[in-house]
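These are the residues of each chain, in order.
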Amino acid sequence: MKIRASAPWLVFVTLAVVSVAGQEPASPKPSVKPAATRGWTAPKTAWGDPDIGGTWSSDDLRGVPIQRPDEFGNRAQLTDEEFAKRDAQNQQTRTQELNRVGAFRNDVGTRTARQTSLVVDPADGKIPPMTSEAQSRGAAVALVRRSAPASWLDRSFYDRCITRGVLGSVLPVIYGNGNQILQSPGYVSITYEMVHDTRVIPLDGRPHVGRTIRQYLGDARGHWEGNTLVVETTNFLGDTTGVGGNGGATATSDALRLTERFTRTAADTLSYEATIDDAKTYTRPWTVLLPLTTQPGYRVLPYECHEGNFALSDILSAARAEDRATAEALAKGLKPPAPSVWQGGLAPAALPAEGAER
(Lines give C-alpha, C1' and ligand atoms only; values in the text may rest on other atoms or scores of the structure.)
Protein backbone atom coordinates (compact mmCIF):
# COMPACT_ATOMS: atom_id res chain seq x y z
CA MET A 1 0.00 0.00 0.00
CA LYS A 2 1.34 3.42 -0.96
CA ILE A 3 0.25 6.37 1.17
CA ARG A 4 1.04 9.84 -0.06
CA ALA A 5 1.02 13.05 1.89
CA SER A 6 1.03 16.65 0.78
CA ALA A 7 2.83 18.11 -2.19
CA PRO A 8 4.10 21.68 -1.63
CA TRP A 9 0.73 23.37 -2.24
CA LEU A 10 -1.64 20.44 -2.66
CA VAL A 11 -2.50 19.50 0.87
CA PHE A 12 -3.98 16.05 0.53
CA VAL A 13 -3.40 12.37 1.07
CA THR A 14 -4.13 9.81 -1.64
CA LEU A 15 -4.16 6.07 -1.68
CA ALA A 16 -3.13 4.91 -5.10
CA VAL A 17 -2.75 1.79 -7.18
CA VAL A 18 -0.82 -0.81 -5.27
CA SER A 19 1.00 -3.93 -6.38
CA VAL A 20 2.48 -7.01 -4.89
CA ALA A 21 6.01 -6.22 -3.81
CA GLY A 22 8.88 -7.86 -5.53
CA GLN A 23 7.08 -8.68 -8.78
CA GLU A 24 8.94 -7.17 -11.71
CA PRO A 25 7.66 -8.46 -15.08
CA ALA A 26 10.03 -8.32 -18.01
CA SER A 27 9.71 -5.30 -20.28
CA PRO A 28 7.53 -6.13 -23.30
CA LYS A 29 8.06 -4.67 -26.74
CA PRO A 30 4.54 -3.76 -27.92
CA SER A 31 3.75 -2.70 -31.45
CA VAL A 32 2.16 0.68 -32.05
CA LYS A 33 -1.27 -0.97 -32.07
CA PRO A 34 -0.81 -4.00 -29.81
CA ALA A 35 -2.03 -7.30 -31.21
CA ALA A 36 -3.20 -10.14 -29.03
CA THR A 37 -0.42 -12.25 -27.55
CA ARG A 38 0.23 -15.34 -29.70
CA GLY A 39 -1.45 -18.42 -28.28
CA TRP A 40 -3.56 -16.36 -25.88
CA THR A 41 -7.36 -16.42 -26.08
CA ALA A 42 -9.36 -13.41 -24.89
CA PRO A 43 -11.65 -14.43 -22.01
CA LYS A 44 -15.43 -14.02 -21.97
CA THR A 45 -17.81 -12.98 -19.21
CA ALA A 46 -20.44 -15.40 -17.94
CA TRP A 47 -22.95 -13.77 -20.32
CA GLY A 48 -20.65 -13.97 -23.36
CA ASP A 49 -19.15 -10.48 -23.71
CA PRO A 50 -15.37 -10.05 -24.07
CA ASP A 51 -13.93 -9.73 -20.56
CA ILE A 52 -12.04 -6.45 -20.14
CA GLY A 53 -12.70 -6.15 -16.43
CA GLY A 54 -9.98 -5.40 -13.92
CA THR A 55 -7.83 -2.57 -12.66
CA TRP A 56 -5.63 -1.09 -15.37
CA SER A 57 -2.93 1.54 -15.06
CA SER A 58 -1.02 3.89 -17.36
CA ASP A 59 1.99 3.90 -14.98
CA ASP A 60 4.14 2.07 -17.55
CA LEU A 61 3.73 4.99 -19.97
CA ARG A 62 5.05 7.74 -17.74
CA GLY A 63 8.30 7.80 -19.73
CA VAL A 64 6.49 8.20 -23.07
CA PRO A 65 5.79 11.82 -24.15
CA ILE A 66 2.30 12.61 -25.40
CA GLN A 67 3.79 14.30 -28.50
CA ARG A 68 6.67 12.78 -30.46
CA PRO A 69 10.04 14.54 -30.21
CA ASP A 70 11.25 15.87 -33.55
CA GLU A 71 14.23 13.51 -33.58
CA PHE A 72 11.95 10.53 -34.25
CA GLY A 73 10.09 12.02 -37.22
CA ASN A 74 7.34 9.62 -38.33
CA ARG A 75 8.90 6.68 -36.49
CA ALA A 76 6.39 5.28 -34.02
CA GLN A 77 8.74 2.99 -32.08
CA LEU A 78 12.17 3.12 -30.52
CA THR A 79 15.12 1.23 -31.91
CA ASP A 80 16.69 -1.47 -29.73
CA GLU A 81 19.39 0.98 -28.64
CA GLU A 82 16.88 3.72 -27.80
CA PHE A 83 14.68 1.23 -25.98
CA ALA A 84 17.61 0.02 -23.88
CA LYS A 85 18.39 3.60 -22.90
CA ARG A 86 14.79 4.33 -21.88
CA ASP A 87 14.59 1.03 -20.01
CA ALA A 88 17.74 1.86 -18.05
CA GLN A 89 16.31 5.27 -17.16
CA ASN A 90 13.05 3.67 -16.05
CA GLN A 91 14.89 1.14 -13.90
CA GLN A 92 16.82 3.95 -12.25
CA THR A 93 13.57 5.83 -11.55
CA ARG A 94 11.94 2.70 -10.11
CA THR A 95 14.88 2.10 -7.79
CA GLN A 96 14.87 5.74 -6.71
CA GLU A 97 11.16 5.73 -5.90
CA LEU A 98 11.22 2.36 -4.13
CA ASN A 99 14.01 3.63 -1.89
CA ARG A 100 12.66 7.13 -1.36
CA VAL A 101 12.46 8.19 2.28
CA GLY A 102 9.84 10.78 3.20
CA ALA A 103 6.15 11.54 2.96
CA PHE A 104 5.74 11.54 -0.82
CA ARG A 105 6.61 8.80 -3.29
CA ASN A 106 5.63 8.75 -6.95
CA ASP A 107 4.11 5.76 -8.72
CA VAL A 108 6.27 4.03 -11.31
CA GLY A 109 5.54 1.33 -13.86
CA THR A 110 7.05 -2.12 -14.10
CA ARG A 111 7.48 -2.29 -17.88
CA THR A 112 9.05 -0.10 -20.53
CA ALA A 113 7.12 0.86 -23.67
CA ARG A 114 8.60 1.22 -27.16
CA GLN A 115 6.24 3.95 -28.33
CA THR A 116 7.94 7.21 -29.26
CA SER A 117 4.77 9.13 -28.38
CA LEU A 118 1.25 8.55 -27.11
CA VAL A 119 -0.11 10.34 -30.18
CA VAL A 120 -0.21 7.83 -33.05
CA ASP A 121 -2.32 9.83 -35.52
CA PRO A 122 -1.25 12.12 -37.22
CA ALA A 123 1.72 10.08 -38.36
CA ASP A 124 4.21 12.63 -37.02
CA GLY A 125 2.95 12.04 -33.49
CA LYS A 126 2.08 15.71 -32.98
CA ILE A 127 -1.15 17.16 -31.66
CA PRO A 128 -2.75 19.06 -34.57
CA PRO A 129 -2.77 22.87 -34.44
CA MET A 130 -5.55 24.49 -32.48
CA THR A 131 -8.20 26.63 -34.11
CA SER A 132 -8.02 30.40 -33.67
CA GLU A 133 -11.05 30.16 -31.38
CA ALA A 134 -9.29 27.65 -29.14
CA GLN A 135 -6.10 29.71 -29.07
CA SER A 136 -8.10 32.70 -27.84
CA ARG A 137 -9.82 30.59 -25.21
CA GLY A 138 -6.55 29.13 -24.03
CA ALA A 139 -4.83 32.51 -23.84
CA ALA A 140 -7.66 33.96 -21.75
CA VAL A 141 -7.49 31.07 -19.28
CA ALA A 142 -3.68 31.21 -19.12
CA LEU A 143 -3.80 34.90 -18.25
CA VAL A 144 -6.18 34.24 -15.36
CA ARG A 145 -4.27 31.19 -14.09
CA ARG A 146 -0.96 33.04 -14.02
CA SER A 147 -2.36 35.74 -11.75
CA ALA A 148 -3.50 35.58 -8.15
CA PRO A 149 -6.99 34.01 -8.28
CA ALA A 150 -9.84 36.37 -7.45
CA SER A 151 -12.03 33.40 -6.47
CA TRP A 152 -12.21 29.62 -6.70
CA LEU A 153 -13.64 30.02 -10.21
CA ASP A 154 -10.19 31.11 -11.41
CA ARG A 155 -8.70 27.69 -10.63
CA SER A 156 -8.98 24.52 -12.68
CA PHE A 157 -11.62 21.84 -12.22
CA TYR A 158 -8.81 19.60 -11.01
CA ASP A 159 -7.74 22.14 -8.37
CA ARG A 160 -11.37 22.32 -7.29
CA CYS A 161 -11.68 18.52 -6.93
CA ILE A 162 -14.46 18.38 -9.53
CA THR A 163 -13.03 16.33 -12.41
CA ARG A 164 -9.98 15.71 -14.59
CA GLY A 165 -12.16 14.80 -17.58
CA VAL A 166 -12.01 11.50 -19.47
CA LEU A 167 -8.58 11.84 -21.13
CA GLY A 168 -7.10 13.68 -18.14
CA SER A 169 -8.00 10.63 -16.04
CA VAL A 170 -6.24 8.15 -18.34
CA LEU A 171 -3.06 9.96 -19.37
CA PRO A 172 -0.21 9.09 -16.98
CA VAL A 173 0.79 11.47 -14.20
CA ILE A 174 2.94 11.03 -11.09
CA TYR A 175 0.35 8.89 -9.24
CA GLY A 176 -3.31 7.91 -9.24
CA ASN A 177 -3.35 6.26 -12.68
CA GLY A 178 -5.73 3.40 -11.85
CA ASN A 179 -8.73 2.66 -14.07
CA GLN A 180 -11.12 0.07 -12.64
CA ILE A 181 -13.46 -1.54 -15.18
CA LEU A 182 -16.52 -3.48 -14.02
CA GLN A 183 -18.92 -5.30 -16.34
CA SER A 184 -22.51 -6.49 -16.05
CA PRO A 185 -25.02 -7.54 -18.69
CA GLY A 186 -25.71 -4.45 -20.81
CA TYR A 187 -23.30 -2.11 -19.01
CA VAL A 188 -19.63 -1.31 -18.50
CA SER A 189 -18.47 1.08 -15.78
CA ILE A 190 -15.08 2.76 -15.44
CA THR A 191 -13.90 4.28 -12.18
CA TYR A 192 -10.86 6.57 -12.32
CA GLU A 193 -8.69 6.59 -9.24
CA MET A 194 -8.02 10.28 -8.90
CA VAL A 195 -10.97 12.64 -8.27
CA HIS A 196 -13.15 9.50 -8.00
CA ASP A 197 -15.05 9.90 -11.30
CA THR A 198 -17.12 6.97 -12.60
CA ARG A 199 -18.64 6.53 -16.05
CA VAL A 200 -21.55 4.12 -16.56
CA ILE A 201 -21.72 3.10 -20.22
CA PRO A 202 -24.87 1.37 -21.56
CA LEU A 203 -24.44 -1.19 -24.34
CA ASP A 204 -28.09 -1.61 -25.37
CA GLY A 205 -28.11 0.72 -28.38
CA ARG A 206 -30.10 3.51 -26.76
CA PRO A 207 -29.69 6.98 -28.32
CA HIS A 208 -27.69 9.77 -26.72
CA VAL A 209 -29.56 12.14 -24.43
CA GLY A 210 -30.85 15.43 -25.83
CA ARG A 211 -28.36 18.05 -27.00
CA THR A 212 -29.28 20.42 -24.16
CA ILE A 213 -28.02 17.97 -21.51
CA ARG A 214 -24.28 18.44 -20.97
CA GLN A 215 -21.97 16.64 -18.54
CA TYR A 216 -18.34 16.86 -17.46
CA LEU A 217 -17.66 13.34 -18.75
CA GLY A 218 -20.18 13.53 -21.58
CA ASP A 219 -22.85 10.98 -22.50
CA ALA A 220 -21.30 7.62 -23.38
CA ARG A 221 -22.74 4.79 -25.50
CA GLY A 222 -20.88 1.54 -26.11
CA HIS A 223 -21.02 -1.45 -28.44
CA TRP A 224 -18.82 -4.43 -29.23
CA GLU A 225 -16.90 -4.85 -32.47
CA GLY A 226 -15.50 -8.35 -32.12
CA ASN A 227 -13.36 -8.29 -28.96
CA THR A 228 -13.16 -4.49 -28.93
CA LEU A 229 -15.43 -2.28 -26.84
CA VAL A 230 -16.12 0.90 -28.81
CA VAL A 231 -17.39 3.83 -26.74
CA GLU A 232 -18.70 6.97 -28.42
CA THR A 233 -19.17 9.95 -26.11
CA THR A 234 -20.87 13.25 -26.91
CA ASN A 235 -22.72 15.96 -24.97
CA PHE A 236 -19.65 17.22 -23.17
CA LEU A 237 -19.80 20.37 -21.11
CA GLY A 238 -17.32 22.61 -22.89
CA ASP A 239 -14.50 24.71 -21.44
CA THR A 240 -13.92 22.45 -18.43
CA THR A 241 -10.92 20.15 -18.97
CA GLY A 242 -8.35 19.55 -21.71
CA VAL A 243 -6.49 16.60 -23.22
CA GLY A 244 -3.51 16.66 -20.89
CA GLY A 245 -2.37 15.18 -17.61
CA ASN A 246 -4.94 15.87 -14.89
CA GLY A 247 -7.14 17.55 -17.50
CA GLY A 248 -4.59 20.25 -18.27
CA ALA A 249 -4.00 21.94 -21.66
CA THR A 250 -6.56 24.09 -23.46
CA ALA A 251 -10.06 22.93 -22.58
CA THR A 252 -12.07 21.12 -25.21
CA SER A 253 -15.42 22.50 -26.37
CA ASP A 254 -19.01 21.31 -26.32
CA ALA A 255 -18.44 20.00 -29.86
CA LEU A 256 -16.09 17.24 -28.63
CA ARG A 257 -16.84 13.75 -29.86
CA LEU A 258 -14.65 11.13 -28.22
CA THR A 259 -14.30 7.61 -29.64
CA GLU A 260 -12.53 5.09 -27.42
CA ARG A 261 -11.53 1.50 -28.19
CA PHE A 262 -10.73 -1.02 -25.45
CA THR A 263 -9.17 -4.34 -26.55
CA ARG A 264 -7.78 -7.02 -24.24
CA THR A 265 -4.53 -8.17 -25.88
CA ALA A 266 -3.05 -10.24 -23.05
CA ALA A 267 -3.91 -11.31 -19.54
CA ASP A 268 -2.16 -8.20 -18.21
CA THR A 269 -2.64 -5.71 -21.08
CA LEU A 270 -5.60 -3.67 -22.30
CA SER A 271 -5.07 -1.60 -25.44
CA TYR A 272 -6.75 1.81 -25.07
CA GLU A 273 -7.13 3.99 -28.15
CA ALA A 274 -8.95 7.33 -28.11
CA THR A 275 -9.75 9.66 -31.00
CA ILE A 276 -10.39 13.31 -30.15
CA ASP A 277 -12.68 15.02 -32.67
CA ASP A 278 -13.40 18.65 -31.70
CA ALA A 279 -13.70 21.05 -34.64
CA LYS A 280 -13.92 24.06 -32.32
CA THR A 281 -10.59 23.22 -30.68
CA TYR A 282 -8.40 21.28 -33.16
CA THR A 283 -7.97 21.61 -36.90
CA ARG A 284 -8.36 17.84 -37.37
CA PRO A 285 -9.13 14.74 -35.28
CA TRP A 286 -6.21 12.99 -33.59
CA THR A 287 -5.61 9.73 -31.76
CA VAL A 288 -3.68 8.53 -28.73
CA LEU A 289 -2.78 4.93 -27.92
CA LEU A 290 -2.05 3.66 -24.42
CA PRO A 291 -1.45 -0.03 -23.64
CA LEU A 292 -2.82 -0.09 -20.08
CA THR A 293 -1.40 -2.81 -17.86
CA THR A 294 -1.99 -4.52 -14.55
CA GLN A 295 -0.34 -7.01 -12.25
CA PRO A 296 -1.45 -9.09 -9.27
CA GLY A 297 -2.45 -6.88 -6.36
CA TYR A 298 -3.45 -3.80 -8.34
CA ARG A 299 -6.54 -2.13 -6.94
CA VAL A 300 -8.04 1.33 -6.74
CA LEU A 301 -8.24 2.82 -3.25
CA PRO A 302 -10.17 5.89 -2.03
CA TYR A 303 -8.95 9.28 -3.19
CA GLU A 304 -9.54 11.95 -0.56
CA CYS A 305 -9.14 14.99 -2.76
CA HIS A 306 -6.96 17.55 -0.99
CA GLU A 307 -8.24 16.23 2.37
CA GLY A 308 -11.47 18.22 2.11
CA ASN A 309 -9.83 20.52 -0.44
CA PHE A 310 -7.94 22.61 2.07
CA ALA A 311 -5.53 23.31 -0.78
CA LEU A 312 -8.06 25.56 -2.49
CA SER A 313 -8.71 27.61 0.63
CA ASP A 314 -4.95 27.87 1.17
CA ILE A 315 -4.46 29.06 -2.42
CA LEU A 316 -7.11 31.75 -2.01
CA SER A 317 -5.75 32.77 1.39
CA ALA A 318 -2.26 33.16 -0.09
CA ALA A 319 -3.65 35.24 -2.96
CA ARG A 320 -5.41 37.63 -0.57
CA ALA A 321 -2.25 37.89 1.55
CA GLU A 322 -0.32 38.87 -1.57
CA ASP A 323 -3.00 41.45 -2.42
CA ARG A 324 -2.71 42.98 1.05
CA ALA A 325 1.08 43.08 0.92
CA THR A 326 0.93 44.84 -2.46
CA ALA A 327 -1.66 47.37 -1.25
CA GLU A 328 0.30 48.14 1.91
CA ALA A 329 3.53 48.68 -0.03
CA LEU A 330 1.84 51.03 -2.50
CA ALA A 331 0.17 52.97 0.33
CA LYS A 332 3.62 53.57 1.85
CA GLY A 333 5.12 54.57 -1.48
CA LEU A 334 7.24 51.43 -1.57
CA LYS A 335 7.88 49.00 -4.37
CA PRO A 336 5.40 46.11 -4.13
CA PRO A 337 6.75 42.60 -3.62
CA ALA A 338 7.44 40.53 -6.72
CA PRO A 339 4.26 38.71 -7.75
CA SER A 340 4.02 34.98 -7.35
CA VAL A 341 3.65 32.74 -10.39
CA TRP A 342 0.28 30.99 -10.21
CA GLN A 343 0.53 28.25 -12.81
CA GLY A 344 -2.39 25.97 -12.08
CA GLY A 345 -1.09 23.08 -14.18
CA LEU A 346 0.04 25.26 -17.07
CA ALA A 347 3.49 25.37 -18.58
CA PRO A 348 5.72 27.83 -16.70
CA ALA A 349 5.43 31.40 -17.91
CA ALA A 350 8.21 33.94 -18.00
CA LEU A 351 8.33 36.09 -14.89
CA PRO A 352 7.24 39.72 -15.40
CA ALA A 353 10.04 42.02 -16.51
CA GLU A 354 11.46 44.44 -13.95
CA GLY A 355 9.02 47.30 -13.54
CA ALA A 356 6.33 45.67 -15.66
CA GLU A 357 2.72 45.79 -14.49
CA ARG A 358 1.06 42.52 -13.44
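Anything mentioned here points back to the structure above.
What you are looking at is a predicted structure, and each value in this text was computed from that prediction instead of being measured. (Residues numbered from 1 in each chain as written. Predicted model: local features only at pLDDT ≥ 70, side-chain atom pairs only at ≥ 80, totals over all residues. Heavy atoms only, no water.)

Here strand S5 (residues 178-184) runs beside strand S6 (residues 187-192); their pairing, made up of six bridges, is antiparallel. In the sheet register, Gln183 faces S6, and the bridge partner there is Val188. Counting the residues that bridge the hairpin from S5 to S6 gives two residues, and of these Gly186 lies at a positive phi of roughly 90 degrees. Bridge analysis of S6 against strand S7 (residues 198-202) gives five bridges, and the strand direction is antiparallel. Note on S7: the bridge partner recorded for Ile190 is Arg199. Here S6 folds back onto S7 in antiparallel fashion, the turn holding five residues, of which Val195 has a positive phi close to 65 degrees. (Pairing = 2+ DSSP bridges. Helix = DSSP H or I, 4+ residues; strand = E, 2+ residues; numbered from the N terminus.)

By secondary structure assignment, the location of Gly54 is in strand S3 (residues 54-57). A relative accessible area of 29% places Gly54 in the partly exposed class. A sequence separation of 239 residues divides Gly54 from Thr293, and the C-alpha atoms of the two residues are 9.8 Å apart. Aside from chain neighbours lying at most four places away, what touches Gly54 is Asn179, Gln180 and Ile181. (Buried < 20%, exposed > 50% of the residue type's maximum accessible area, 1.4 Å probe, protein only. Contact = heavy atoms within 4.5 Å.)

Scanning the model with the defined rule gives 17 salt bridges in all. Ionic pairing is found between Asp80 and Arg114, a salt bridge with its closest N-O pair at 2.6 Å. Linking Asp80 in helix H1 (residues 80-98) with Arg114 in the loop between H1 and strand S4 (119-121), this pair joins segments that are 34 residues apart in sequence. On the basis of relative accessible area, Arg114 is assigned to the buried category, the value being 6%. For the salt bridge of Arg257 with Glu232, the shortest nitrogen-to-oxygen distance reads 3.3 Å. Taken together, the residues Arg257 in strand S10 (residues 257-266) and Glu232 in strand S9 (residues 228-234) connect sequence positions 25 residues apart. Using a relative accessible area of 34% as the deciding quantity, one classes Arg257 as partly exposed. On the accessibility criterion, Glu232 (27% relative accessible area) is partly exposed. Ionic contacts of the salt-bridge type, sharing partners, join the residues Asp60, Arg111 and Asp268 into one network. (Salt bridge = Lys/Arg side-chain N within 4 Å of Asp/Glu carboxyl O.)

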